[in-house]
Number of protein chains: 2
Amino acid sequence: MSDAAQQQADSAHWFDELRDRLCAVFEAIEDEYAAARPDEGQAGRFEREPWRREDGGGGTMALMHGRVFEKIGVNVSTVWGEFSPEFRAQIPGAADDPRFWASGISLVGHPRSPLVPAAHMNTRHVCTTKAWFGGGADLTPVFPDEADTRDFHAAFEGACAAHDPAYYPRFKAWCDEYFFLKHRNEPRGVGGIFYDDLATGDWARDFAFTRAVGEAFLRIYPRLVRRHMLRPWTDEQRQAQLVKRGRYVEFNLLYDRGTLFGLKTGGNVDAILMSLPPAVSWP
Amino acid sequence: MSDAAQQQADSAHWFDELRDRLCAVFEAIEDEYAAARPDEGQAGRFEREPWRREDGGGGTMALMHGRVFEKIGVNVSTVWGEFSPEFRAQIPGAADDPRFWASGISLVGHPRSPLVPAAHMNTRHVCTTKAWFGGGADLTPVFPDEADTRDFHAAFEGACAAHDPAYYPRFKAWCDEYFFLKHRNEPRGVGGIFYDDLATGDWARDFAFTRAVGEAFLRIYPRLVRRHMLRPWTDEQRQAQLVKRGRYVEFNLLYDRGTLFGLKTGGNVDAILMSLPPAVSWP
């Protein structure tokens, strides 16, 4: 197996493993909630649905509608093919050779309680004539909580610090810049980290960093969910959540590069739009 | 007053008048419903909110949350200024002189009942170094009804026929092409008409056609609403409506030129996104 093929096998395997661990912890949270609130119904369980891409590869959507998570989706995919002429110039290393391979994991969680923050995490490995990692994680509370924001940022600062102290300030600023609704002049949430085109020349190191991002998310987000999931909430708070989710939809459909790129390149619509909230209001 | 100034005054006045007549008929429908279903609460009433645009002009949003109309908005605006360099090349007659004037009316109605079709109508008059009309109307039922579709199309065929028999087939096809969700390979609704850059050389004739489009909508849409508004519906039908509305959001945020243009040019966000449905689901 060539180095490149081994690297692709390793990263694709990691994304699958991370998905399994994430699904397991979110199902455990559902169990904890169902035990605490037996009158509210059964714990949710992920349902997995594989999908194939005509031009090469495919993925698996894992989707759960539970008590804590009104909707949470984790999609892993490994796809390959050729970029269409209109995209070649935009993709690093694809101008002269349009072939690509890409693998990644994408998670969006929309909790039922307006007091539990929504979250997004995505990491990917992309190979053209170049190879790089990208991704990040960010938190979208309806009512920002200082301790949550601090702990969420600290988790990713820790993940970054172990690899390169310059990463955190740069990737945090990149996140703030990326997840911003220009038309409303407001951020989507309270940020996190965002990185792309990561190729230091040391593949193993970049892969280790990408794994660390996944591990940090796996550690911190469940902690924040458990922190708030049993708190009672009001109809007013729920209404505020439905409106806040509208901003999430606006961001994803107006600005999110992954969403727009996926839809324009004939990606799996259900997988791409799994990020959209289960109930939304534009009053 | 110059010819151009008189034309602008005339069209802006018409959009205001049409708004008043539309609001009156939708409030009358609310009254009829409240009389038939007194237990469901008071008839809705439009609330009007004027807004100003920093660079010149402004408008009035009229918004109603009623019993028949879960949300219906009618926005009129008359704005002027200069196109930014990035837009000059895209706008007819603006390449060498970026000044513009534009007036128009835009309506989107989201009925509460999944058996009453949603509808959109928009007409506008735009002046750069050129001047033209554009607009149209289209119907978005959750459960298409053959008689509704036939009657809706017939109303606009009639409006077109009185002006130019070539208009209807052309503008109907343009509507089908425009209101199409490429990523889902499905139409937004059952169509209607769509036209743009209408400048035959006879301003009065083009203005008369644009008025006829408004009149046709004023005649047909209330008729369809009354036809279905008292029919009972099920939770399943309501759920299908919430999902169908998601497609409406996807269209408006991914494809609608007016929405994207407005958001990119610093338009009034509340007025532009008044089109988005009050309750939506991506299950």
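Residues numbered from 1 in each chain as written. Chains lettered and ligands numbered in written order. Predicted model: local features only at pLDDT ≥ 70, side-chain atom pairs only at ≥ 80, totals over all residues. Heavy atoms only, no water.

## Some remarks on empty space enclosed by the protein
- Inspection of the entire model under this criterion finds four cavities of 30 Å³ or more.
- There is about 100 Å³ of room inside the largest cavity.
- Residue lining of the largest cavity: B:H110, B:P111, B:V116, B:A118, B:T140, B:P141, B:V142, B:Q241, B:K244, B:R245 and B:Y248, and that is the complete set.
- Secondary structure elements with two or more residues in the lining of the largest cavity: β4 (99–111) and α6 (235–254) of chain B.
- Looking at side-chain class alone, the lining of the largest cavity contains six nonpolar, three polar and two charged residues.
- Contributing to the lining of the second largest cavity are A:H110, A:P111, A:V116, A:P117, A:A118, A:T140, A:V142, A:Q241, A:K244, A:R245 and A:Y248.
- When residues of the lining of the second largest cavity are traced back to their parent elements, those giving at least two are β4 (99–111) and α6 (235–254) of chain A.
- Sorting elements by how many residues they give to the lining of the second largest cavity places α6(A) first, with four residues.
- Grouping the amino acids of the lining of the second largest cavity by side-chain chemistry returns six nonpolar, three polar and two charged. (1 Å grid on protein atoms, 1.4 Å probe; cavity = no way out; pocket = protein on both sides within 12 Å on 5 of 7 lines; lining within 4 Å. Points joined across faces, edges and corners; volume = space filled by probe spheres on them. Helix = DSSP H or I, 4+ residues; strand = E, 2+ residues; numbered from the N terminus. Nonpolar A, V, L, I, M, F, W, Y, C, P; charged D, E, K, R; others polar.)

## Topic: the interface of chain A and chain B
- Opposite the 21 residues of chain A that make contact, chain B presents 21 residues.
- Together chain A and chain B conceal approximately 1,700 Å² of surface at their shared face, both sides included; 67% is due to carbon and sulfur atoms.
- Considering only the surface of chain A that becomes buried against chain B, A:H183, A:L253 and A:W282 emerge as the three largest contributors, covering 32% of it.
- Here chain A is connected to chain B by zero salt bridges.
- The interface formed by chain A and chain B includes nine residue pairs in polar contact (both at pLDDT 80 or more).
- If you list the elements that add at least two residues to the side of chain A that touches chain B, you get α6, α7 (257–264) and α8 (269–272) of chain A. (Contact = heavy atoms within 4.5 Å. Buried area = accessible area lost by both parts, 1.4 Å probe. Salt bridge = Lys/Arg side-chain N within 4 Å of Asp/Glu carboxyl O. Polar contact = N/O pair within 3.5 Å; in protein donor to acceptor, adjacent residues only side chain to side chain.)

## Focus: the side chain of B:H228
- Secondary-structure assignment places B:H228 in helix α5 (residues 203–228).
- A polar side-chain atom of B:H228 sits 2.7 Å from a polar atom in the side chain of B:D148.

## With respect to the packing of helix α1 (residues 3–36) of chain B against α5(B)
Residue and element names in this part refer to chain B.
- Interhelical geometry of α1 versus α5 gives an angle of 5° and a closest axis separation of 11 Å. Judged on the interaxial angle alone, α5 and α1 are roughly parallel.
- In the contact of α1 with α5, the residues fall into 15 nonpolar, four polar and six charged. (Axes fitted to C-alpha atoms, helices over the stretch in contact; angles between N-to-C directions. Parallel < 35°, antiparallel > 145°, perpendicular 65-115°, else oblique.)

## A short note on the packing of α6(A) against α6(B)
- Interhelical geometry of α6(A) versus α6(B) gives an angle of 50° and a closest axis separation of 9 Å. The angle between α6(A) and α6(B) places the two elements in the oblique class. When you trace α6(A) past α6(B), the crossing you get is right-handed. Residues A:V249, A:E250, A:L253 and A:L254 of α6(A) lie in contact with α6(B), whose contacting residues are B:V249, B:E250, B:L253 and B:L254.
- The residue makeup of the contact of α6(A) with α6(B), split by class, is six nonpolar, no polar and two charged. (Left-handed = near helix turned anticlockwise from the far one by under 90°.)

## As for the pairing of strand β2 (residues 57–64) of chain B
Residue and element names in this part refer to chain B.
- With six of eight residues buried, β2 lies mostly within the body of the structure.
- Where strand β1 (residues 47–52) meets β2, six bridges bridge the pair, whose relative direction is antiparallel. Across the sheet, residue R52 finds its bridge partner in β2, namely G58.
- Linking β1 back to β2 in an antiparallel pair, the connection comprises four residues, with G56 at a positive phi of about 140°.
- Here eight bridges tie β2 to strand β3 (residues 69–82), and the two strands are oriented antiparallel to one another. Looking at the pairing, M61 lines up with N75 of β3. (Buried < 20%, exposed > 50% of the residue type's maximum accessible area, 1.4 Å probe, protein only. Pairing = 2+ DSSP bridges.)

## Some thoughts on the sheet that holds strand β2 (residues 57–64) of chain A
Residues and elements named next belong to chain A.
- Ordered in space as β1-β2-β3-β4-β5-β6-β9, the seven strands form an open sheet in which the pairing is antiparallel. Each edge of the open sheet carries a strand with a single partner, namely β1 (47–52) and β9 (191–198). When the angles between neighbouring strand axes are averaged without regard to direction, this sheet yields 10°.
- Pairing between β4 and strand β5 (residues 118–127): nine bridges, direction antiparallel.

## Points about the relation of the copies chain A and chain B
- Once turned by 180° and shifted 0.0 Å along the axis, chain A lies on chain B with an RMSD of 0.0 Å. The transformation relating the two chain copies, once decomposed into turn and shift, fits a two-fold axis. Judged by C-alpha distance, A:V280 is the residue of chain A that lies nearest the rotation axis, at 2.6 Å.
- Mapped onto chain B, 100% of the interface residues of chain A again fall at the interface, so both copies present the same surface. (Least-squares fit on C-alpha atoms with pLDDT ≥ 70 in both.)

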